[in-house]
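Spelled out from the first residue to the last, the chains are:
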Amino acid sequence: MASQYHSESCKRSTGTTETEIPPGTANHTASTAGYASRTHTTLSAKSELALSDAQRRTIYALSTPPGKAGIAVIRVSGPDALDVWRRVTRKTKSGDTPTPWMLQRRHVVDPETEEKLDDSLTVFFKGPKSFTTEDTLELHIHSGRAVLSAVLRALGKLPYCRPAAPGEFTRRAFEGGRLDLTQVEGLRDLIDAETEAQRRVAVSGAEGNARARYEALRSQILECLVFVEGFIDFGEDVDELGQEAMVKEGRSFIGPVAFLSEAILAHDRALNIINCIRSHLNDNRRGEILRSGIKLAIFGPPNAGKSSLFNFLAQRDAAITSPIPGTTRDVLTLTLDIGGFPVVLSDTAGLRETVDTIEQVGVGRAGNAVKEADLSLCVLSLPDVLSSPDALVRIPDEVKGHLKPNTLFLLNKSDTITSLPVLTFTESEDGDDSNKRPQFWTVSLRTSEGTQSFLDGLAEVLRTRYADGIDCTSPLITHARHRDFLEQAAMHLEEFIAFSPSQVDIAAESLRYAARAIGSVSGLDVGVEEVLGGIFSSFCVGK
């Protein structure tokens, strides 16, 4: 390939020197000849013309994080990967032809000077049995800054190679049919996963479980479309025989009668598909929440121990604590791993009536944080809210307006109570229904008493609300675009079942739109460059 590019460059250079000299005066001829000579000189100097990115189809990039480490991997993919192997590696004991899918020890050299740059293990993947479906080369070298720079610089000297764009390797895998968009997103989520729950969901997507479910939904819609199209093709016969009679007799005959029967049954099938889609849409956004993090807001009155809890969970002094009420004025946020679940924790200002302008802003932001949170935790000071002798926990009026049905309670400063009674809440006195009673824990953040029980209980709450029902057999919505396309598909299916049998030709179009919407989730019907670019550009360069 290198010689081919060189030959093409030479042809272009040679072709320009055969320029005809138009007739004219001697001076004109001389000046023209001088122009031709200068042109020849200029183009000869540019005999190695730079190729465009479209011509340089072979890409390379560092696929491991930069920095000092034992091993770094540089990936090369494209039609000239084998020539790269021949130009930048030299044998130690292996032969002149790589054995596909087998590690071989080779020297990495500069293609121009033949200077040895490093010892390496190389592996050549013969397309289409590679990640990108193209010929692919991996150079396993020592991860030092000088070594990496030298090897990448050496690859850049090859005229048919260029650095890869972010996510370009994965994009080629998508374009080659190795992955669909749900697998691409699952792969990206797997790279970004920081907790066990995120890893499980991402692995399921990367393995193609979501892909299989979306393809099954699309196939069911296409089956309905097949029967409806068959009915349309035999429409004239149906009109002659009479629709009402054919509906009654359709299950006993073949031909147009059978197609009418199947077309009617397509409505029932569409209803089943709608119910299936709605069951996934009504998942309380569990997939998206697990991927981006569960928003947990800590709120309550001043000096209840909210910032102390924030620091306890962060395991560092992330928030300022003091006995002065109103110390926290703004919303502090950090990301934690609680029981294997990603949690975006927010510490908020104490809720109370105040004339301090800055504190008023903080109280307003606290209310917004609680409103936007997926889960809220109200922290109360046990000595301040516990009434004797009935052992009732009385919730302050400033807090009541921010409570939700799923609000959790943490009763702090239990070490100040000599004998802790059985507690009941003033807001849960409607009979003995335990399901209406708020879930709470009593702790002492100063002595750590009860904190382990609180952590275990909180992890169980997260597991119950966001992990139960998630398995590898159900398509889990993990991105907003999945939800948008499923909503579109359900809408078009509802349009389909709303049409009468006499409008079956129009109804068929709604089925096509529904199938297209489901296909867009996997990328089967995606043609918008902005959508693809947005997905792949979020990858690192070497992926």
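Everything here concerns the structure above.
Heads up: these notes are all about the structure in this document.

Cut-offs and rules
Residues numbered from 1 in each chain as written. Predicted model: local features only at pLDDT ≥ 70, side-chain atom pairs only at ≥ 80, totals over all residues. Heavy atoms only, no water. Helix = DSSP H or I, 4+ residues; strand = E, 2+ residues; numbered from the N terminus. Buried < 20%, exposed > 50% of the residue type's maximum accessible area, 1.4 Å probe, protein only. Contact = heavy atoms within 4.5 Å. Areas by Shrake-Rupley, 256 points an atom, 1.4 Å probe, with all protein chains shown as cover. Pairing = 2+ DSSP bridges. Axes fitted to C-alpha atoms, helices over the stretch in contact; angles between N-to-C directions.

## Quick notes on the overall build of the chain
What the chain contains, in helices and strands, is 20 helices and 16 strands. Across the 543 residues of the chain, 45% fall into the buried class. Within the chain, contacts between residues at least 6 apart in sequence are counted, and of these 67% link residues at least 24 apart. Here the chain has roughly 27,800 Å² of accessible surface; of this, 52% comes from carbon and sulfur atoms.

## Focus: the sheet that holds strand β12 (residues 386-387)
Spatially, β12-β13-β15 is the arrangement adopted by the three strands of the open sheet, whose pairing is mixed. Each edge of the open sheet is held by one strand with a lone partner, namely β12 and β15 (424-425). Of the strand pairs in this sheet, β12 and strand β13 (residues 392-393) are connected by two bridges, and their pairing is antiparallel. Paired with Leu-386 across the bridge in β13 is Val-393.

## Brief notes about the pairing of strand β10 (residues 341-347)
Counting buried residues along β10, seven of its seven residues qualify, which places the element largely inside the surrounding structure. Side-chain alternation along β10 places Phe-341, Val-343, Leu-345 and Asp-347 on one buried face and Pro-342, Val-344 and Ser-346 on a second face that is also buried. Of the strand pairs in this sheet, strand β8 (residues 294-299) and β10 are connected by five bridges, and their pairing is parallel. Within β10, the position partnered with Ile-294 by the bridge is Val-343. As paired elements, strand β9 (residues 332-338) and β10 share seven bridges and run antiparallel to each other. Note on β10: the bridge partner recorded for Leu-332 is Asp-347. Linking β9 back to β10 in an antiparallel pair, the connection comprises two residues, with Gly-339 at a positive phi of about 60°.

## Things to note about the sheet that holds strand β7 (residues 161-163)
The strand order β3-β4-β5-β6-β2-β1-β7 describes an open sheet built from seven strands, whose pairing is mixed. Every interior strand has two partners, whereas the edge strands, β3 (89-91) and β7, have only one. For this sheet the average axis-to-axis angle between neighbouring strands, irrespective of direction, equals 35°. Bridge analysis of strand β2 (residues 69-77) against strand β6 (residues 136-143) gives seven bridges, and the strand direction is antiparallel. The residue of β6 that forms the bridge with Ser-77 is Thr-136. In the packing of helix α3 (residues 81-88) onto the sheet, the strands contacted are β1 (58-62), β2, β3, β4 (104-109), β5 (116-125), β6 and β7, and the crossing angle to β3 comes to about 65°. Helix α5 (residues 168-175) rests against β1, β2 and β7 of the sheet, and its axis sits at about 135° to β1.

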